[in-house]
Structures are given as structure tokens and as C-alpha cells.
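Structure at a glance
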Amino acid sequence: MSLTVRDLTVAFDGTVAVDRVDLEVPAGSVTAVLGPSGSGKSTLLRAVAGLESPASGTIRYGDEDLARVPTHRRGFALMFQDGQLFPHQSVARNIGYPLRLRRLPSARIADRIAELLDLVGLAGFGDRTPATLSGGERQRVALARSLAVEPRMLLLDEPLSALDRGLRERLATDLHDILRRAGTTTLLVTHDHEEAFAIADRMAVMRAGRIVQSGDLAEVWAHPTDAWAARFLGYAGVLSGEQAAVLRAVIDPSGSWTEVALRRSALVVDPDGPLSGVVLAARVSPEQTRLEVDVDGLGTIAAVADPARPAAVGERVRLAVRTDRLATLPETQPSEFRHLSLE
Amino acid sequence: MARPDHALTARRLGTAALAAVPLAVLGAFFLYPVGGMIQRGFWPDGAFDPGGVLDVLTRDRVHRVLWFTVWTAGLSTILAVVLGVPTAFVLHRLRFPGQRLLRTLIVVPFVLPTVVVGVAFRQLIATSGPLGGLGLDGTPAAIVAALVFFNVSVVVRTVGAFWEGIDRRTEEAAATLGASPARVFLTVTLPALAPAVASAASVVFLFCSTSFGIVLTLGGLRYANVETEIYLLTTQELDLTSAAALSVLQIVVVTGLLVALHRARRTAPPLARAGESGRSPRLRDLPLVGWTVVVVALLMTPLLSLLVSSLRTDGGWSLANYRALQGTGADNALLDTATHALQRSFEVAVQAAGLALVLGTIVAFLVSRRPRSAGVRRLSATFDGVFMLPLGVSAVTLGFGFLITLNRPPLDLRTSSLLVPIAQAMVALPLVVRTVAPVLSSIDPRQREAAASLGAGPARVLLAVDLPHAWRALAAAAGFAFAVSLGEFGATSFLARDDTPTMPVVIYQLISHPGSANFGMATAAAVVLAAATGAVMLVVERLRVGSVGAF
């Protein structure tokens, strides 16, 4: 069953943290809410868990209105950024906690704990105490504990943010696989677009308490709603006005768009390319050479070159545009038009 | 130019000289008197004879005293925990208007002199008092009630501070896993809170079992705990051997408890600190909020009642009791006027606080250094421990020790007006060290190193790095020592001469004399003393030094 949030507002002491939010988490999906810190995404998650009371709006699971359902009866397991394992209990007792709450026979509990430890790749860790685990291991245990009773929904609050980079990437892949295998409907909040892309299949972008865009991962990625969303989703730069017009003339003369977001690899060094510019900086990496180029008519912009064909600083190069690496942005918001027409 | 090892030696000598000052004072005015008292017990006639001590411990009366001490302290501890833990939740885990006022009110009883609490409860439960109908006057119930009154705030503060630091999200994680609020409390909150509750309970038990002023004022001659028994044996029956035997027993037990407490705290797992504020109360918190209001009301009742009673004479409102403070009481119950005693109390408190602050700051400074060598570190830990000894030795024992050792050469201070301030300084010394040392230890040593590398000499480093961090703690420690000294009764009751009493001694003398006029005057004196102590502690509280009153 899916979760439906309608017109949800949560306020603290008069400050609105979540502002009239609509959100859909389809059954079986992994939906990420992506937003910078202070955007209200964690509050949204806590409201779904029943830890914050909404000022208005509804949260439904299937047909059931959750307004009067307390946290412990919602069946939504929440996993925090730092796991929040119970420090006085062993790993096995931590994972068995929700099972003991449901008074399962102890043999069943032991089997389930072993199964879960296996699932998260920590077989044999049952007797350890949380204090002896690394950050990544702790998050795995927290995940196993959250999955123990097959929750109706799993809520993840920045599940990987506390980990260092290498571990984060590995655990993100694992998390993706574990969630698909368990088939659990999941709502995830994060400020890291890479984390969201690695784990989720649907995404909502949140800013200042509001959802500004939502949909399938590919859809959101391909059509950022505005310049801010594009940058937050990982686009390297946004061109508008004159510069956007110069690029439009080259790649889409019949188009009418006025703003475009470019990924780092949208411009590539190519002797037959339509654009020309002077290389300002070059940094070699194993995959490609990352350049900064002062492109005629576009200004300073990121570009890439094949390492086999190096470009030196100060050299004039020609550049081709890869249209699958850029996204045109919709017209400026109506509110700004209104503002202009008043003048 | 001095060679490096010369410089090192010079620094070590300097440190040793600095350490020698407080050690000498502690040796002369704590170890020597207490040692003399122990000697009096085991060497009654100059020859080693432990039989006397063992004999004392087999007496029926001593057994009764021991049992009374244990059961009143135990019951008071349980009641203080039961009243205090829900209150700690409401005052430290929730957030609502008026909370600060409630937090301040709850601390008030703890900073009051014991004699004041004794007088407050006596007038409350006296047959003519507001609760006279309950027939509690002269019963152990009155003693237990007063002990609970005194110690609820210890539980609220200790448990509350710890509770504030527990990450709320651990409880939330349990709730999302399906645990009901009651289950969350039993399986997550309580296990995390247990060390703090145990620690608070041990401290309260310690305070209750060594309580002197309250038991003496409310128990009179009928009910005695170990402390008051030592006092009665010494001053009424002049049986110094028995008193010494009880003192030794108490030192052993209390020191044992303190060491156990210290160990238990050291092995407690480190806390996950979450610097978040409380949440707003919900409907289901209502019973607990109500509980807290009742607790605060219970704590305020004796004090308000004391105030009202001090303002009434012969069934009418008047300031006669306060005016009487200028005299010596009905039937000349006092040898000096109460106003003189108050003035003397202030003078003594200034001297005692000054001495305790100087010595305590030196000790705190030395123990807060982090020496590289393991040997020096051990030495430093021992040094620290020695200055905690006065916590484990009751003030009565100390006063008694002063009485029997400082009355002849090499140290004959019988007539010295410094005897009382010195004894009070010894009582306040560990409190000063415990307030200042944590603050000095919290200064990153690299700050001092940075200052030194920029060219600051040792004195400049102290001024530039230590002082800005520590001045609040020093001020708070001075105020705390001053307030403790103002209310100190245990040691002072032995040492203050009848013609030069301090305010707590005056209050005790007044309530020991029959007559409602004297009792009325005692209530007025108690209000004045409570106001003075309260005002000082209010200033200390304002300084917001977390280590004040941490045991």
C-alpha cells in the first residue's frame, strides 16, 4: 500500500518547517526527499513517523488516516543518521528488540536475527556490543533492526551521511540491493544527491519547507524545475539570458527556452565542434581531463577532454555540445512575471 | 642561562612548594585532629587497646543508633527518588513557561542551612503548628520528612542533568519499532538512566546518614543517628572513647561508600550527548506535571509556613520576633544578641570562604595539570584524593577532633577566633576543588602552549588563558563556600564558644530553650539566615557554573 501526504504543514513555535506538502510514496518504491539542511525534510519524515504533530493536512497509508495513530502503532520503522542502537544491548538483542516486543517465540527470534545479520553482511556479529562496531557496521545493524519485523514502511533519515566517502558508496549499493530484496516501501531523506541516486527510484526535491519537484528519478534528473534545483541535483552550471541564447542558436535554433543547466561533461573537446574557447585550467583524472574553458559567448564553463587528447592551459580548443548532458529549464516562474508587469 | 634540567628541577621545586601549602594546612587542621580523635579511641590511656572500641560497638544503644541511622536514611532516599525522578523528567525533559522558576524553587531547600530546615519542620508539625493535628511532633516521621525535603533537589538535579543528555532519538527509534511509551521507558530510558539514579541515591543516602542539624533539631534526645550520638556522647556524657569509636566506624563506612561511588562513576559508559532542548508537554504528561506541582508545593510549604510563623506573635501579625533579634531572648537564652551573631557569621564566612578559595584553587590548579610521567600522574591523583577526605569525614567528627587536639601545644587555638573559620574552610575545601578543577581541566592545554610559544611567561599564561576561563568558577566557588560556611552547624556546634556563637548556633540555642518567645525568635533568625544563604546561592546560580554542587 502506498503512503499519501496531502497539504501537510508542521510548525514549531510559529516557524513553518513543512509548508503544505503533497507527497506520494507508491507501494514497493524507494522514494527520496532531497533537500539542503533546514529545508524541513527531516521534519517531514518525523511527521510521517508520528514523532511530530502536523498543524494541518493529512497522512494516509492506503485508506487509513494516520492522524490519531501513535508512533508505535504505525508500523513504520525509522532509522536515524547515527543508527541510535541501544548501547546497553548486544547487536543480537538490538535486532531482536522489535521481535521481543511482539512476543515471538525465542527460537523464531534467534532464527530471524541470524537471517537479518546475514542480509546485512554481518553474520557472527550477534554478541558484539554497539560500542565495538564501526560506523558502517552500526548502520547495518540499525537497518537489520528496522527490517526485523517487516515494517509496513521503512523511514531512513540521512542513513549514510555520518559515514566516510568510500564506505558511503559501498553501503549505498548494498542498501539499494537489500531494500529491493526485502521489497520494503521506503521513504528516505537526504541532502546528498548521490546518495539519493544510488538508493532511490523516485525523488522529491524540497526547499524551504516545500516540495518543488517530484517524480521518477530519471524524470526529475532530466527536467530540473529551476536553476536552484538543477545545481542541487548536481548540474555543474546554469546558463541564462545572452549566454543561453548563444548556446540555443548552436544546438536548438527553433527552441524558445531561456535557461539551460549543464552537466560537467556537456561540453567536450572536439576539433569539429561548433564552439570555441581558451582553456583556463586542466586537471587530469583517470577517466577524463576536466577543463575550465572561457568559451566565446558563454563565459567560463566546465568541459571535459579525452585524456588521449590532452589540452594545455592557454590553448584555444573547439568544443562539441552533448545534448543528452544538459537540461533546458522551464520558463521563469509566473510570480516573477506578475511582479514585472506591475512596474 | 640555566641548563634545561636545571629549569626542570626549578619547576618541580616550585610545584612542590605550591603543593606544600595546602598539604600543611590540611595536615594541621584536618589530618591531625581526625588522627587525634582516632587515637583517642584506640589508645584510650596511651596504650593500644582496641577492646574499648569493639566493646562500644556491642552496646544495645549503639545498635539502636546504627539501625535508626540506616533505616531513616534508606527510607528518605527511596522517598526522595520517588518524588524526584518524575520531577526531573518534567523540569529537564519538557519545555514550558514557568519552568525556570520551578527549577530555581526546587534547588532552594538544598542550599538552606540544616538548622533552618529543622526549625521550619518543627514549627510546621508542633502541636500548635499548621500540621499539628497529624501528631508528628517528636516522631521519626518528622525527621524523614525533613531529610526528604532536603534531598529531593539532589535527585532532581543529578538525574535531570543526565536525562537532558540522553538522546531523545534513541527513544524515538524504539517507538517506531513498535514499543509503547511504557515499553520505551522500561527498555530504553530506564537502563540509560539507571547509573544516574544509582549515583543520586548513593549521594542522598550519604547525606541522610550523616545528617546532623536536622536530626538534632527534630530528634532531640530521643532519636539519634550516628552523628548526633557522637555529639551527645561528647558534649552531654563526656564519653570520648565511645564517640571516637563511632567516628572511626563512620569514617570507614562513609569513605568506603565514597570510593565505591567514585569507582561506579568511572566505569559508567560515556554518554551520547545531545544538546537539544525539551519538547512541549502533551496530554499524557499531565499526571507527571501535576506530580511536579505537588512536589514543589510540598517543598514550599515548610518555608512559607516558617515565614508566616515568624511574622506572628500572640495570634496577631507583628515584627516582634525580628525586633527580638536585637536582644538575647527570653530568660537570657543567649549570651550574645542574635544580630551580633549574624554579623559574626558573616565575618567567619568571609574568612572561611577566603581560606577555602585560596587553598582549593591551588589544589584545583595542581590536579588539573596533565603530567606526562605516570608516576607524577599517580602522585597527582593521590593528592586530589587526599583533599576529598573532608567529604568522607563528618563535620561533627572534625569539630570533635579540633576540640581534643588543638587545645594544647603544639597547636593551642582554644582561644583563637580563627578556630571556627578554619574548621569551616576544611568543610568547604572539597566543594571548592570540585567546582574549580573541572573547569581548569577543561581548558585545552594547547591554549597554554600557544600562549607560551607566543612569548607569554607562566604568569602571563595564567592571566591570558586560565583566568578568563575560570573566573566564573572561582566566583561561584567562593559564593558556594560562603553559603556553606554561613549555614555550617556540625563542626561549629563544637567549636563556637557560648558567648561568641554564629547564627546557626544561636538558632539551636533558641529552640533548645523552652518558651514560645524564644521559638518565635528562632523562626525569625531562621528566616534571616535562609534569606542570606538564599541570596548568595541565587548569585552563584546566576554564574551558571555546571560543576557547582556536583558530587
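Conventions we followed
- Residues numbered from 1 in each chain as written.
- Chains lettered and ligands numbered in written order.
- Predicted model: local features only at pLDDT ≥ 70, side-chain atom pairs only at ≥ 80, totals over all residues.
- Heavy atoms only, no water.
- Helix = DSSP H or I, 4+ residues; strand = E, 2+ residues; numbered from the N terminus.
- Buried < 20%, exposed > 50% of the residue type's maximum accessible area, 1.4 Å probe, protein only.
- Lys, Arg positive; Asp, Glu negative; His and termini not counted.
- Charge placed at Lys NZ, Arg CZ, Asp CG, Glu CD.
- Pairing = 2+ DSSP bridges.
- Axes fitted to C-alpha atoms, helices over the stretch in contact; angles between N-to-C directions.
- Salt bridge = Lys/Arg side-chain N within 4 Å of Asp/Glu carboxyl O.
- Patch = residues over 30% accessible without salt bridge, like charges linked within 9 Å, V, L, I, M, F, W, Y side chains within 5 Å.
- Areas by Shrake-Rupley, 256 points an atom, 1.4 Å probe, with all protein chains shown as cover.
- UniProt positions renumbered as here; feature names shortened; annotations may be inferred.
- Contact = heavy atoms within 4.5 Å.
- Nonpolar A, V, L, I, M, F, W, Y, C, P; charged D, E, K, R; others polar.

Looking at an unreviewed UniProt entry, one finds chain A named ABC-type quaternary amine transporter and attributed to Nocardioides marmoriginsengisoli.

**Re the overall build of chain A**
Helix and strand content of chain A: 11 helices and 18 strands. Counting only C-alpha atoms and orienting by the principal axes, one finds that chain A spans roughly 75 × 55 × 30 Å. By residue count, 48% of the 343 residues in chain A fall in the buried class. One finds the centroid of the 39 positive side-chain charges in chain A at a distance of 6 Å from the centroid of its 44 negative side-chain charges.

**As for the sheet that holds strand S18 (residues 326-328) of chain A**
All names here are of chain A. Read across the open sheet, the 3 strands follow the order S11-S12-S18; overall the sheet is antiparallel. Both edges of this open sheet fall to strand S11 (237-240) and S18, since each of them pairs with a single strand only. Each neighbouring strand pair of the sheet contributes to a mean axis angle of 20 degrees, computed without reference to strand direction. Taken together, the 4 bridges between S11 and strand S12 (residues 259-262) define a ladder with antiparallel strand orientation.

**Considering the sheet that holds strand S8 (residues 186-190) of chain A**
All names here are of chain A. Strand order in this open sheet of 6 strands is S6-S7-S8-S3-S9-S10, and the pairing throughout is mixed. In this open sheet, the two strands that pair with only one neighbour each are strand S6 (76-79) and strand S10 (210-216). Within this sheet the neighbouring strands show an average axis-to-axis angle of 15 degrees, counted without direction. Bridge count between strand S7 (residues 153-157) and S8: 4 bridges; the pairing is parallel. What sits directly across from Leu156, in S8, is Leu188.

**Some words on the pattern of salt bridges**
In total, this model carries 28 salt bridges over all chains according to the counting rule given. A salt bridge links Arg207(A) to Asp226(A); the shortest N-O distance between them is 3.0 Å. Placement of the pair is Arg207(A) in strand S9 (residues 202-207) and Asp226(A) in the loop between helix H8 (217-222) and helix H9 (227-232), with a sequence separation of 19 residues. Arg344(B) serves as the salt-bridge partner of Asp336(B), at 2.6 Å between the closest nitrogen and oxygen. Arg344(B) shares its class with Asp336(B); the two are buried.

**Section: the pairing of S9(A)**
All names here are of chain A. Where strand S3 (residues 30-34) lies against S9, 4 bridges are found, and the strand directions are parallel. The residue of S9 that forms the bridge with Thr31 is Arg202. Summarising the sheet, S9 and S10 pair through 6 bridges and their orientation is antiparallel. Bridge pairing links Arg202 to Asp216 in S10.

**Examining a positive patch on the surface**
A contiguous patch of positive charge on the surface is contributed by Arg100(B), Arg472(B), Arg542(B) and Arg544(B). Within the element layout of this structure, Arg542(B) appears in helix H22 (residues 516-542).

**Structural notes on the UniProt feature "domain: ABC transporter" (unreviewed entry) in chain A**
Taken from the UniProt record, the annotation "domain: ABC transporter" (unreviewed entry) applies to residues 3-233 of chain A. Secondary structure over residues 3-233 of chain A splits into 38% helix and 26% strand, and the C-alpha atoms at its two ends are 24 Å apart.

**Details of unusual backbone geometry**
Residue and element names in this part refer to chain A. Located in the positive-phi region is Arg103, a residue other than glycine, with phi close to 55 degrees. Turning to its location among the elements, Arg103 is positioned in the loop between helix H3 (91-101) and helix H4 (106-119). In this model, Ala208 sits at a positive phi of 50 degrees, which is unusual for a non-glycine residue. Assignment of secondary structure puts Ala208 in the loop between S9 and S10.

**Concerning the packing of helix H14 (residues 338-367) of chain B against helix H21 (residues 503-512) of chain B**
Residue and element names in this part refer to chain B. Look at H14 against H21: their axes get within 8 Å of each other, and the N-to-C directions meet at 145 degrees. For the pair formed by H14 and H21, the contact residues are Ala338, Ala341, Leu342 and Ser345 on the first element and Met503, Pro504 and Val506 on the second. Of the residues belonging to the contact of H14 with H21, the class tally is 6 nonpolar, 1 polar and no charged.

**Here we look at H21(B)**
Counting buried residues along H21(B), 9 of its 10 residues qualify, which places the element largely inside the surrounding structure. Those residues of H21(B) lying buried are Met503(B), Pro504(B), Val505(B), Val506(B), Ile507(B), Tyr508(B), Gln509(B), Leu510(B) and Ile511(B).

**Notes on the pairing of strand S15 (residues 289-295) of chain A**
Residue and element names in this part refer to chain A. On S15, burial follows the alternation: Thr289, Leu291, Val293 and Val295 on one face are buried, whereas Arg290, Glu292 and Asp294 on the facing-out side are not. Inspection of the sheet shows strand S14 (residues 275-284) paired to S15 by 7 bridges, in the antiparallel sense. Paired with Val284 across the strands is Thr289, a residue of S15. Hairpin connection, S14 to S15: the antiparallel pair is bridged by 4 residues. Count of turn residues in the S15/strand S16 (residues 299-305) antiparallel hairpin: 3 residues, of which Gly297 carries a positive phi of about 85 degrees.

**Looking at the environment of Ala245(A)**
Structurally, Ala245(A) can be placed in helix H10 (residues 241-251). Separated by 74 residues in sequence, Ala245(A) and Leu319(A) place their C-alpha atoms 17 Å apart.

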